[in-house]
Amino acid sequence: MAWLFIKVLWVGVSFLGCLFPFVNFHFSGETGDQKPNFVIILADDMGWGDLGANWAETKDTANLDKMAAEGMRRSASWDRQFHIFALGFVDFHAAASTCSPSRASLLTGRLGLRNGVTHNFAVTSVGGLPLNETTLAEVLQQAGYVTGMIGKWHLGHHGSYHPNFRGFDYYFGIPYSHDMGCTDTPGYNHPPCPACPQCDRPSRSWKQILSHLWFPHRSRKGGCYTNVALPLYENLDIVEQPVNLSSLAHMYAEKATQFIQHASTSGRPFLLYVGLAHMHVPLTRTRQSAEPQDHRPYAASLREMDSLVGRIKDIVDRTAKENTFVWFTGDNGPWVQKCELAGSLGPFTGLWQVHQGGSPAKQTTWEGGHRVPAVAYWPGRIPFNVTSTALLSVLDIFPTVVALAGASLPHSRRFDGLDVSEVLFGGSQTGHKVLFHPNSGAAGEYGALQTVRLGNYKAFYITGERQGESEVDSHMCPNQHLPQDLLGPMLKYQPVFST
């Protein structure tokens, strides 16, 4: 408990003003041996079929497809009759089917039942990822790494739960999903959300003002936060509020470039974790070209995300290509209730589930909810244009990166992820023998292990649509009817490659 006391004391001292919040990009000191750098890029609500290397119908991810061709592509093994690719693809899965639990598992290598994060944190949440959990950033920081985080955090935004106190030397981003606060550039959403109220709006009483500060959920109408402006942080400072969503991708690219450049010149290895806002709604209103497909908001936003990833890859290639491992993946599947503003499931449409009136994607344990695109890129180390059939998970990022960094896993901890170095570099096809998928809000108890994958089969113990009121009226998606009634507890076996 001594280290926990030190953590809390550090937070208290800093907020008293005795410590200036981490000066931007000032890193110093060198490590004796050259250790690899790591860039982990996590997309938000991206569908398996959104990656062109996975699904031939997708034409909007040129940079990611190129990176996949130059590295190791990890998606899903599929029959040639579907005319995807002649090569086999592996299974890669998020550790949960919604934001906070998936991110907590990435940074701890542990399922939500172990790390304590089984549901999303809200604007009103005062807690976060439990302080007795050790993050990947903390492990690498202790091993001499410069650590940075850019983008969406969503693991607690108050006090000691802030990224700067969870192992990250530098932080630039938003504390939670960008639909959890109003902006002046709201973008595309179902239902559409208004911009933040203007300054010349009628004055409110002090009781109304305090109510909005203390109980922002009361200002949420139709899924929109109308009186809580989305903040943008640089370390502990709010540098913009509300965030300009139209320029957020550009700012992320600039900050990632600066971090990599400064970390490289410092002589120390670095970890950069990038939590993208794409492809979560609201989708930004990007500049559209004359091509017909460019007028689809989702396709335009997907290209913007791909361009951002391309810029990060380019700076890695120019700065430390031979010694930097780039790992791209997603936090969960698409939010199908957002209709045409949601991503592609590819072939994993969950026909049985849909025919029963349920959702097959985000929040559920159906393949579309947790099977995510993934690309591993490290020229000279990962074989060129290789695929693997190993069953892998976001949980594996933590132990694999720790092993490659020459660091040690935290003691007195059980980890659900594997060190998959042999899969990446040695041609092994051995991944998880068994992989569990927790409930992420669809039905049953949050975090409960709801399905289990063994070989090409998957056992479902609870099925059905997510709980609570629908966030989108049924007429928004005329081809989908998603009633909210829950199917009773049941046991169902499904061949994992069957639609």
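Look above for the structure.
Worth saying up front: this structure is predicted, and the values here are computed from it rather than measured.

Trainee: Outline the overall build of the protein chain, listing residues and values.
Mentor: A tally of helices and strands in the protein chain yields 12 helices and 18 strands. Counting all 499 residues of the protein chain, 58% fall into the buried class. Considering only residue pairs separated by 6 or more positions, the protein chain has 72% of its internal contacts joining residues 24 or more positions apart. For the protein chain, the computed accessible surface area is about 20,400 Å², with 55% contributed by carbon and sulfur atoms.

Trainee: Got a sec to walk through the state of the cysteines? Specific residues and values, please.
Mentor: Such a bond, covalent and formed between the sulfur atoms of two cysteines, is termed a disulfide. Considering all chains together, one arrives at 2 disulfides under this definition. Covalently, Cys182 is tied to Cys196 through a disulfide, its sulfur atoms 2.0 Å apart. With the S-S bond torsion at 105°, the cross-link from Cys182 to Cys196 turns out right-handed. With Cys182 in the loop between β5 (170–173) and α6 (206–214) and Cys196 in the loop between β5 and α6, this pair connects stretches of sequence that are 14 residues apart. This pair shows no difference in class: Cys182 is buried, exactly as Cys196 is. With a sulfur-sulfur separation of 2.0 Å, Cys193 is cross-linked through a disulfide to Cys224.

Trainee: With reference to specific residues and values, describe the pattern of salt bridges.
Mentor: In total, this model carries 16 salt bridges according to the counting rule given. For Asp44, the salt bridge is made with Lys152, and the minimal N-O distance between the two is 2.7 Å. Of this pair, Asp44 sits in the loop between β1 (37–43) and α2 (62–70) while Lys152 sits in the loop between β4 (146–151) and β5; the two residues are 108 residues apart in sequence, bridging distant segments of the chain. Residue class for Lys152 comes out buried when judged on its relative accessible area of 1%. As a salt-bridge pair, Asp416 and Arg114 come within 3.0 Å of each other at their nearest N and O atoms. Placement of the pair is Asp416 in the loop between α11 (397–404) and α12 (421–425) and Arg114 in helix α4 (residues 112–115), with a sequence separation of 302 residues. For Arg114, a relative accessible area of 39% corresponds to the partly exposed category. Put simply, Asp91, Glu367, Arg371, Arg453 and Lys458 are held in one network by salt bridges that share partners.

Trainee: Which residues make up α2, and what are the values?
Mentor: Of the residues making up α2, those classed as buried are Leu64, Met67 and Ala68. Angularly, the buried residues of α2 cover 100° about the axis, an arc narrow enough to put them on a single face.

Trainee: Which residues make up the environment of Gly128, and what values go with them?
Mentor: Inspection of the secondary structure assignment puts Gly128 in the loop between α4 and α5 (136–142). For Gly128, a relative accessible area of 13% puts it in the buried group. C-alpha separation for the pair Gly128 and Gly159, spaced 31 residues apart in sequence, amounts to 9.8 Å. Residues within four places of Gly128 in sequence aside, it is in contact with Phe121, Leu155, Gly156 and Tyr161.

Trainee: Can you tell me about α11, naming the residues and giving the values?
Mentor: A large share of α11 lies buried, amounting to 7 of its 8 residues. For α11, the set of buried residues is Ile397, Phe398, Pro399, Thr400, Val401, Val402 and Leu404. For α11, the secondary structure elements touched by its buried residues are β1, α3 (99–108), α5, β11 (324–330), β14 (391–393) and α12. Of the residues trailing α11, Gly406 is marked for its positive phi of about 75°.

Trainee: If you had to explain the packing of aromatic side chains to someone new, which residues and values would you point to?
Mentor: The full count for this structure, using the stated rule, is 14 aromatic pairs. Judged by centre distance (6.0 Å) and plane angle (85°), the ring pair of Trp153 and Phe168 falls under edge-to-face. Note that Trp153 is positioned in the loop between β4 and β5 and Phe168 in the loop between β4 and β5, a separation of 15 residues in sequence. For the pair formed by Trp153 and Phe168, the shared burial category is buried.

Trainee: Any chance you could break down unusual backbone geometry for me, citing the residues and the numbers?
Mentor: Each neighbour pair has its own omega, and for His278 with Met279 the value is 10°, a cis peptide bond. When you line up the elements, Met279 lands in the loop between β10 (270–275) and α8 (297–320). For the bond running from Val281 to Pro282, omega is 0°, close enough to zero to count as cis. For Pro282, the location among the structural elements is in the loop between β10 and α8. Phi angles above zero are rare outside glycine, and Gln363 is one such case at about 80°.

Trainee: Tell me about the packing of α2 against α8, and name the residues and values.
Mentor: Where α2 contacts α8, the axes come no closer than 7 Å and their chain directions differ by 45°. One way to sum up the angle between α2 and α8 is to call them oblique. In this structure, α2 uses Ala62, Asn63, Leu64, Met67 and Glu70 to contact α8, whose residues at the interface are Met305, Asp306, Ser307, Val309, Gly310 and Lys313. Residues of the contact of α2 with α8, tallied by class, amount to 5 nonpolar, 3 polar and 3 charged.

Trainee: Pulling in residues and values, what's your account of the nonpolar core?
Mentor: Nonpolar side chains in soluble globular proteins generally cluster together in the buried interior. Residues Ile41, Met46, Leu272, Leu276, Met305 and Phe328 are the most contacted members of the largest nonpolar core, which totals 54 residues. Looking at this core element by element, the count peaks at 9 residues for helix α7 (residues 248–265). Residues within four places of Met46 in sequence aside, it is in contact with Leu51, Leu64, Met279, Tyr298, Leu302, Met305, Phe328, Asn332, Gly333, Pro334 and Pro373. If you look at the next biggest cluster of nonpolar residues, it comprises 45 residues, including Leu155, Tyr273, Val394 and Val423.

Trainee: I'd like to hear about the pairing of strand β9 (residues 237–240), residue by residue, with values.
Mentor: Bridge count for strand β8 (residues 232–234) against β9 is 3 bridges, and the pairing is antiparallel. Counted as the bridge partner of Glu234 is Asp237 from β9. A loop of 2 residues connects β8 with β9, the two strands running antiparallel in sequence, and Asn235 in this loop sits at a positive phi of about 55°.

Each value, and the rule that gives it
- Residues numbered from 1 in each chain as written.
- Predicted model: local features only at pLDDT ≥ 70, side-chain atom pairs only at ≥ 80, totals over all residues.
- Heavy atoms only, no water.
- Helix = DSSP H or I, 4+ residues; strand = E, 2+ residues; numbered from the N terminus.
- Buried < 20%, exposed > 50% of the residue type's maximum accessible area, 1.4 Å probe, protein only.
- Contact = heavy atoms within 4.5 Å.
- Areas by Shrake-Rupley, 256 points an atom, 1.4 Å probe, with all protein chains shown as cover.
- Disulfide = S-S within 2.5 Å.
- Salt bridge = Lys/Arg side-chain N within 4 Å of Asp/Glu carboxyl O.
- Arc of directions from axis to C-beta.
- Phe/Tyr/Trp six-rings, centres within 6.5 Å; stacked < 30°, edge-to-face > 60°.
- Axes fitted to C-alpha atoms, helices over the stretch in contact; angles between N-to-C directions.
- Parallel < 35°, antiparallel > 145°, perpendicular 65-115°, else oblique.
- Nonpolar A, V, L, I, M, F, W, Y, C, P; charged D, E, K, R; others polar.
- Core = buried A, V, L, I, M, F, W, Y, C linked by side-chain atoms within 4.5 Å.
- Pairing = 2+ DSSP bridges.

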